[in-house]
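As a plain string of letters, each chain reads:
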Protein chains: 8
Amino acid sequence: MEKKVVGVVMGSDSDLAVMEEAINMLTELKIGFEVLVASAHRSPERTAHYSRSAIDRGIEVIIAGAGHSAHLAGVIASHTPLPVIGVPINSSPLSGLDALLSTVQMPPGVPVAAMAVGKGGAKNAALFAAEILANKYPEIRNEIIAFRNKLAQDLIKKSKKIEEQYG
Amino acid sequence: MEKKVVGVVMGSDSDLAVMEEAINMLTELKIGFEVLVASAHRSPERTAHYSRSAIDRGIEVIIAGAGHSAHLAGVIASHTPLPVIGVPINSSPLSGLDALLSTVQMPPGVPVAAMAVGKGGAKNAALFAAEILANKYPEIRNEIIAFRNKLAQDLIKKSKKIEEQYG
Amino acid sequence: MEKKVVGVVMGSDSDLAVMEEAINMLTELKIGFEVLVASAHRSPERTAHYSRSAIDRGIEVIIAGAGHSAHLAGVIASHTPLPVIGVPINSSPLSGLDALLSTVQMPPGVPVAAMAVGKGGAKNAALFAAEILANKYPEIRNEIIAFRNKLAQDLIKKSKKIEEQYG
Amino acid sequence: MEKKVVGVVMGSDSDLAVMEEAINMLTELKIGFEVLVASAHRSPERTAHYSRSAIDRGIEVIIAGAGHSAHLAGVIASHTPLPVIGVPINSSPLSGLDALLSTVQMPPGVPVAAMAVGKGGAKNAALFAAEILANKYPEIRNEIIAFRNKLAQDLIKKSKKIEEQYG
Amino acid sequence: MEKKVVGVVMGSDSDLAVMEEAINMLTELKIGFEVLVASAHRSPERTAHYSRSAIDRGIEVIIAGAGHSAHLAGVIASHTPLPVIGVPINSSPLSGLDALLSTVQMPPGVPVAAMAVGKGGAKNAALFAAEILANKYPEIRNEIIAFRNKLAQDLIKKSKKIEEQYG
Amino acid sequence: MEKKVVGVVMGSDSDLAVMEEAINMLTELKIGFEVLVASAHRSPERTAHYSRSAIDRGIEVIIAGAGHSAHLAGVIASHTPLPVIGVPINSSPLSGLDALLSTVQMPPGVPVAAMAVGKGGAKNAALFAAEILANKYPEIRNEIIAFRNKLAQDLIKKSKKIEEQYG
Amino acid sequence: MEKKVVGVVMGSDSDLAVMEEAINMLTELKIGFEVLVASAHRSPERTAHYSRSAIDRGIEVIIAGAGHSAHLAGVIASHTPLPVIGVPINSSPLSGLDALLSTVQMPPGVPVAAMAVGKGGAKNAALFAAEILANKYPEIRNEIIAFRNKLAQDLIKKSKKIEEQYG
Amino acid sequence: MEKKVVGVVMGSDSDLAVMEEAINMLTELKIGFEVLVASAHRSPERTAHYSRSAIDRGIEVIIAGAGHSAHLAGVIASHTPLPVIGVPINSSPLSGLDALLSTVQMPPGVPVAAMAVGKGGAKNAALFAAEILANKYPEIRNEIIAFRNKLAQDLIKKSKKIEEQYG
C-alpha cells in the first residue's frame, strides 16, 4: 500500500523510542503512513492544522503518542472526525498513569481509543489502525491474520523450548 | 442503515444501565447493531463462538462492556480480527480502576480500544464505532459531523444561559 | 473593580455547581470576571478563539475547570501567555484522580497552575487569581488579607465553641 | 511424585524469569508438573484446549502467570472446574498493578486465587498448589510442614547473625 | 455433606453482610462449614488457637474476610498448613484497596489465595473452596459443574430478554 | 486523671465528627485532654504558638486530625519535640488518600505517627496516645489492658450469636 | 531585570538537582531571583520568617519544591499573601505521588499552584512565575512569547528530522 | 543509656538495609535497643512470644519494619500493650504502597504508628521512639532537641552554599 493512510503523531521527539514500535508494525503490515512531531501545548496551531487537514490529505486513522498529562490524542480528536488512537507514554515520574488517565478518560462526545502505556501500546496502536483499515481494505485483514498466525506459531515454538527444558 | 454492523456485548445484564448509552448513541447515529449478554468467564464458549462468527454475520465493529477484572473485550479480540472497543464498567468497590486496567493494558499483539470508565465511555464507544465505520460508509461520517455540530451548538446555548446569569 | 480581569471557563454547564465556588469567591473579593462554557473537545475552535483573544479583551488570569481527562486548562494555556489556573472536577467514576493528573502533569514548556479537586479547588482558584492580580492591584491584596483575617477569626470562634463543649 | 498434577502456564516466554520461582518450588516440594506457554490473547484456542483437557490429563491444579491486563488465569478458569492460581507479573510500566487487578478482581461465579505480584507470588503459587494437593496427598503436607520449619529455622539463624552484629 | 470442612472466619461481626455471600454459596453447594468471628488484632490468641486446631477438627479449607489492613487471612495462614482464602472487605474510606493489598501481597513462604474485594469476592471464596475440596470429593465437582451450567443458562435467558428489547 | 496531658487539634470544626472518636476514647480511658481547632494554613501562628507552648502547659502527646493535603500534624511536629499522632481525614473527593500520604510520608528528621484514615484512625490515635502515656503512668496501662480485654470479650459474644445463627 | 522578584525555596539541598530547572529557566527569562534551602519541618521558624518577610524584600512570587509529604509550599503560603507555586519532588519510594497530593490538595482558603512532579514541574514553575510577573512587567511577557516561539520552532526542526527519517 | 528499651524487629534479614537507619539513629540518640528478625508469617510463634515477653524484658517501645503485605507491626501490637511503630518497606514491585496500607490502615482497637515508606521512615521510627521515651526520660528529650538543632544548623550551612552558588 503506497498511499499514506495513517498519521503517526508524537508530542515530542523524545517519544520516538516508544512510537517507533507503531512505525515498525505499520511497516510490517505494509500500511502507508506519515510521521510528525506536534505538541498539543507547544504547537497548538500546528496540531490543529494537521488534524483538520488530515482527512483531505487522505489520512484515514491517526495514532497519537504523548506523555505526562497527554492531551495530544484528545486535542487531535477534537479537530477531526477521523478515528484517533492514543498511546500513553511513561515519560514522567508517575510511570504513565498520568498519561493513561489523560488519554483514556475522554468525556462523552469526542472519543479517543486508548492503548496500553508504552511500547506495547504503540505496537497495538498500529495493529488497531490496521483493524480499522481492514474494514475497507481486505488485503490488510489478510496481513493481520497472517501476523496473528505468526504470533501463535512463535508462541508454540517458544513454549516447546521451555517444555523441553522442564520436560 | 438496516444492516447490523455493530455488535454490543456486555458481560452481565446488570451492565445494561451503562451500555444503553452506547445503544442509544448508535440509534441516534442510525447505525444498525445487535445486542448480547456474553461473559468471558461464565460463558466462554458462547463468547468465543459469538466472536469467531461475527465477521461472517456482517459485524464490522464490536463494543464490549464489562466490570471487575474486565476480560470480555480482550477475550473477544483474541477470537476475531475485527476492531474491538472496550468499555470498563464501575461495578466493583474499586470504582472501575480494575475494569479500566484490565481493558486498556492489553499486551502487544492483540489490541483493544479502551474508552473511559462508565456511561461516558459507553457513549464514546458508539461514537468511535461510528468513526471506524465512517471510513467505509460516508453517510455515517455525515452523522458524526452533524452530531458534533449539535454538541457545539448546545454548548453555546448552555453557555449563553450561564453568561447571562453572571453577566 | 468594574473591569473584567478574570475569565472563568468550564468544560460543561454541569461543572457550574463546582465552579460557582470560584465565582462567589471572586465576587466576595470584588474582582471583575466573565464566565463561559467552552470545551477543549466539543468546541475546540471556540476555546482557542476565547483563549487567544482573552489578553486583548483585558483578561489577566484564566480559571478553567473540567472533569474526566481534563484538557481544558492545558489547551487554553497553549493559546495564551496569560496565567491559567486549572480546577480538576470529580465528575467521573474515578473521583477526580483523572482530572487531577490531566491538569497538573503538564509537560515542560506550558504550565498550568493546578488546584485541588472539586469545590475547594474552585474556591482556591479564585483566591490564587486574586494573589496574581494583587501584584499589580494593591487593593486586591488588601481584600486577600482581610479575607484571611476573617478566616482566622472565624476559626477561633468555632474553636471556642468546641473548646467549651469539651472544656 | 511422578505424576504431573500441576500445570504451570505462562502468557509469554519472557515470563519464565518470574515463573521459574514456581517451578523451582514445586521441584523442591517433589510435586510433578508440566510447563506451557499459552496466551489468552495470542493463542486463545490453545489456551482453551489446554484448560479443557487438563482434568483428563490428570492435572489437579493450574498456576497461570501473566503481565499487563493479565487475563490468562481468568480465561483458564472459565474453561475448567480445577482450581486456578493467578500470578500477576510486573512486566508493564505500571509495575504490576494492572496485572494484579486483572487477576484478582474476578467477577462472582468463576474464581481465581491471586498471589502477590512477581517472583514472591510465583513461589507462593507453588506453595498454595501444594496446600491444595495436600488435602488429598498426605505426603505433600509433610513436605509443606518441613519447608515451613526450614523457613523458621533459617530465619532464626539469620536473626542470630544480626543480633550478634548489634548485640 | 454433613461434615464441617470449611471454616469461615471474619474479623468483625460487621463483616457478616459481605461474608454471608460465602456462607450462602457454601450452603448452595452443600458443603459443611463452621462460622466464627476472630480478629487478628483484637483476639490474636483466639485466632491462633482456631487456626492451629482447625486441621484436627477436620477443617480442610479456611476462608477469612477482613477490612482495613486485613491481616486476618495472613495470620491464619501462618498458623496452619491448610489452604487459606482471603476476602478483602471494603469497610474503610479507601474502598478496599487497603484490604486488597494487605491480603494479596503476602511475602514468599506463606501464601494466601486472594479473591476480589467485597461481596463478589466472598461468593468466589466459597466457589474456590469447593474447587479445592472437589479434588478429593467428586460429588463437589459435580455441584460446581451444575452451578456453572446454571450460571451459563441464566445468562442466556437474561441475554434473550435484552436481545428482544433491542431486536 | 485530672491533668490535661493530651492535646487534640483539628484543622477545621467540620473535622469534629471524626475527631470525637478520639475524644470519646480518651474519656473512656480516663485521660485528661484539651481540644482545639487550629489550621496549618488558615491560622499558622496560632498553630505554631499552640505547639511551642504545649510542653510547658503539661501536654505530653498531641493528636492532630486534618483532611486534604493534611499538613497539620507535620507542622505541629515541627514546633515541638512532643510525640505527634496524625489522623488523616477523608474530607476531599480523593477519599483520604491525599490526607494519608500528606500525614504519613514525613521526610526524615521530624516524625509523625500516622493512623488509619477516618474515624477508626481517630479512635486508634487516642489508644496510641494512651500507650505512650502508659510508659509513665502505670494506671493508664491498666486501662488499656482492660479495654483490650473488653474488646476480645465483646468479639466472642458477637461471634457466639453468629455461630448460633449458622450452627 | 536586576531586582530579585522570585524566591526559589527548596526543602533540602538534595532537591537542587530538580530545582535548578527552575533556576535555569528564570535565568533564561532574565528574571531576578534568590535561592534558599528552608524546610517546613526541620527549620519551621526560618521558613515562616522567610515567608513573612518576602513581600517586604520585594519578592513577588515564591516557588517551593519539596518531596515526601511536601508541606513546604503550603506552609509558605500560610505566611504570605504572595502567590506560591509548588513543585512536588519524587524523592521517596512512592514516585512523587505523595509530594503531588501534599502540594495540590490544599484545603479551601490558602491556595498553592501545583506544577507537575519533578524536573518538568520545576521548569514550568519558573514559566508560571514569569506569567504572573508579566501582568505587571510587559518585558517579561515578551520573553515568554519569545521562549514559546522558540519551543514551537525547535519542535518543527526536530519533527523535520524524524519526518525525513521515515519519509 | 545502658538499658535496652527499644525492640527493633524486622520481617526478614533483607530488611536490614532499611532498618539500620533506625538502628543508627537510636545509637546516635544514645538509646539502648535490641535487634531481631521475626516474621509475622514464617515464625508466628516466635513473633508472638517476643511481643508478649517484651514488656517484662524492659522494652518500652517496639519498632517493626516489613515489606509486602506488612503484617508484622500489627501482629506485634496485637500481643502487647506497648506502643508499636511500623516502618513500611518497599521490597515488592508495588514500591511500598502495599506495605504502607498494610501498616497504617489498622482497624479500630489496636493501633500502629506508621512512618513513611523506606529508609526515611526507619530513621523517623527511631526519632519517634525517642519522643515517646522522652516523656519519661528527660535526657532523651535533650538528645532530640540537640539533634533537631543540628538538623536546622546543617540546613543553614547547606543553604549558604547554594545561596552563594546563585547569589
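Procedures and definitions
Residues numbered from 1 in each chain as written. Chains lettered and ligands numbered in written order. Predicted model: local features only at pLDDT ≥ 70, side-chain atom pairs only at ≥ 80, totals over all residues. Heavy atoms only, no water. Least-squares fit on C-alpha atoms with pLDDT ≥ 70 in both. Contact = heavy atoms within 4.5 Å. Buried area = accessible area lost by both parts, 1.4 Å probe. Salt bridge = Lys/Arg side-chain N within 4 Å of Asp/Glu carboxyl O. Polar contact = N/O pair within 3.5 Å; in protein donor to acceptor, adjacent residues only side chain to side chain. Helix = DSSP H or I, 4+ residues; strand = E, 2+ residues; numbered from the N terminus. Nonpolar A, V, L, I, M, F, W, Y, C, P; charged D, E, K, R; others polar. Buried < 20%, exposed > 50% of the residue type's maximum accessible area, 1.4 Å probe, protein only. Lys, Arg positive; Asp, Glu negative; His and termini not counted. Expected span 1.5 Å × (residues − 1).

A. Molecular detail of the relation of the copies chain A and chain B. With an RMSD of 0.0 Å, the operation that places chain A on chain B is a rotation of 180° combined with a shift of 0.0 Å along the axis. Such a combination of turn and shift is consistent with a two-fold rotation axis. Comparing contact sets, 100% of the residues at the interface of chain A also lie at the interface in chain B, consistent with an isologous, same-surface contact.

B. A look at the interface of chain A and chain B. Counting residues at the interface gives 42 residues for chain A, matched by 42 residues for chain B. Between chain A and chain B lies a buried interface of about 3,300 Å² when both sides are counted; carbon and sulfur atoms form 60% of it. Contact with chain B buries area across many residues of chain A, yet P111, N135 and R148 of chain A alone supply 19% of it, more than any other trio. Summed over the shared surface of chain A and chain B, the number is 0 salt bridges. Here chain A and chain B share 19 residue pairs in polar contact (both at pLDDT 80 or more) between them. Looking at the side of chain A that touches chain B, the elements that each hand over two or more residues are helix 3 (72–78), helix 4 (97–104), strand 5 (113–114), helix 5 (119–134) and helix 6 (138–165) of chain A. Here the side of chain A that touches chain B takes 8 residues from helix 5 of chain A, the largest share from any one element. Counted by class, the side of chain A that touches chain B contains 28 nonpolar, 8 polar and 6 charged residues.

C. Summary view of unusual backbone geometry. In this structure, K30 of chain A takes a positive phi of about 60° despite not being glycine. Tracing the backbone through its elements, the reader meets K30 of chain A in the loop between helix 1 (16–28) and strand 2 (32–37). The exposure class of K30 of chain A is exposed, given its relative accessible area of 53%. Its identity is not glycine, yet H68 of chain E carries a phi of approximately 55°, on the positive side.

D. Geometry of the environment of R52 of chain A. With respect to the helices and strands, R52 of chain A occurs in helix 2 (residues 44–54). Look past the residues within four positions of R52 of chain A in its chain and what remains in contact with it is H79 of chain A together with E45 of chain C. Of the polar contacts made by the side chain of R52 of chain A, one reaches the side chain of E45 of chain C; its length is 3.3 Å.

E. Quick look at helix 4 of chain A. Within helix 4 of chain A, 7 of the 8 residues are buried, which leaves the element mostly enclosed by the surrounding structure. Of all the residues in helix 4 of chain A, the buried ones are D98, A99, L100, L101, S102, T103 and V104 of chain A. Those residues of helix 4 of chain A that are buried are in contact with strand 3 (61–67), strand 4 (84–89) and strand 5 of chain A, helix 4 (97–104) and strand 5 (113–114) of chain B together with helix 4 (97–104) of chain C.

F. Summary view of the relation of the copies chain F and chain C. Note on the copies: chain F fits chain C at an RMSD of 0.0 Å, the axial shift is 0.0 Å, and the rotation between them is 90°. In the structure described here, the two chain copies are related by an operation that fits a four-fold rotation axis. In terms of proximity to the rotation axis, the leading residue of chain F is S95 of chain F, whose C-alpha is 5.9 Å off the axis.

G. Looking closely at the pattern of salt bridges. For the coordinates displayed, the defined rule picks out 72 salt bridges over all chains. Two residues, K150 of chain G and D154 of chain G, come together in a salt bridge whose shortest N-O distance is 3.8 Å. Of this pair, K150 of chain G and D154 of chain G both sit in helix 6 (residues 138–165), 4 residues apart, roughly one helical turn. The shortest N-O distance in the salt bridge between E60 of chain H and K3 of chain H comes to 3.7 Å. Of this pair, E60 of chain H sits in the loop between helix 2 (44–54) and strand 3 (61–67) while K3 of chain H sits in the segment before strand 1 (4–10); the two residues are 57 residues apart in sequence, bridging distant segments of the chain. Residue E60 of chain H is classed as buried on the basis of its relative accessible area, which comes to 6%. Classification of K3 of chain H by relative accessible area gives partly exposed; the value is 44%. Linked through salt bridges whose partners overlap, the residues forming this network are K3, E60 and K136 of chain A.

H. Spatial organisation of the side chain of D98 of chain E. Locating D98 of chain E in the fold gives a position in helix 4 (residues 97–104). Despite being buried, D98 of chain E has no salt bridge partner; R42 of chain E is the closest side chain of opposite charge, sitting 14 Å away. Among the polar contacts listed, one links the side chain of D98 of chain E to the side chain of Q105 of chain H, at a separation of 2.9 Å. The residues contacting D98 of chain E, other than those within four sequence positions of it, are H68 and S92 of chain E together with L101 and Q105 of chain H.

I. Structural view of helix 5 (residues 119–134) of chain C. Between its first and last C-alpha, helix 5 of chain C extends 23 Å over 16 residues, near the 22 Å set by a 1.5 Å rise per residue. Taken across its 16 residues, helix 5 of chain C has 14 buried, putting it largely inside the fold.

J. Broad picture of the interface of chain F and chain C. Every contact between the two is made by 18 residues of chain F and, on the other side, 17 residues of chain C. Contact between chain F and chain C buries roughly 1,500 Å² in total, counting both sides, with carbon and sulfur atoms accounting for 70%. Contact with chain C buries surface across chain F, with R42, P93 and L94 of chain F losing the most and accounting together for 36% of the total. For the interface between chain F and chain C, the tally reads 2 salt bridges. Salt-bridge contacts for E163 of chain C lead to R46 of chain F; the nearest nitrogen and oxygen are separated by 3.5 Å. Taken together, the connections running from chain F to chain C amount to 2 residue pairs in polar contact (both at pLDDT 80 or more). Sorting elements by how many residues they give to the side of chain F that touches chain C places strand 2 (residues 32–37) of chain F first, with 4 residues. A class-by-class count of the residues in the side of chain F that touches chain C yields 10 nonpolar, 3 polar and 5 charged.

Honestly, it's all geometry; don't read function into it.
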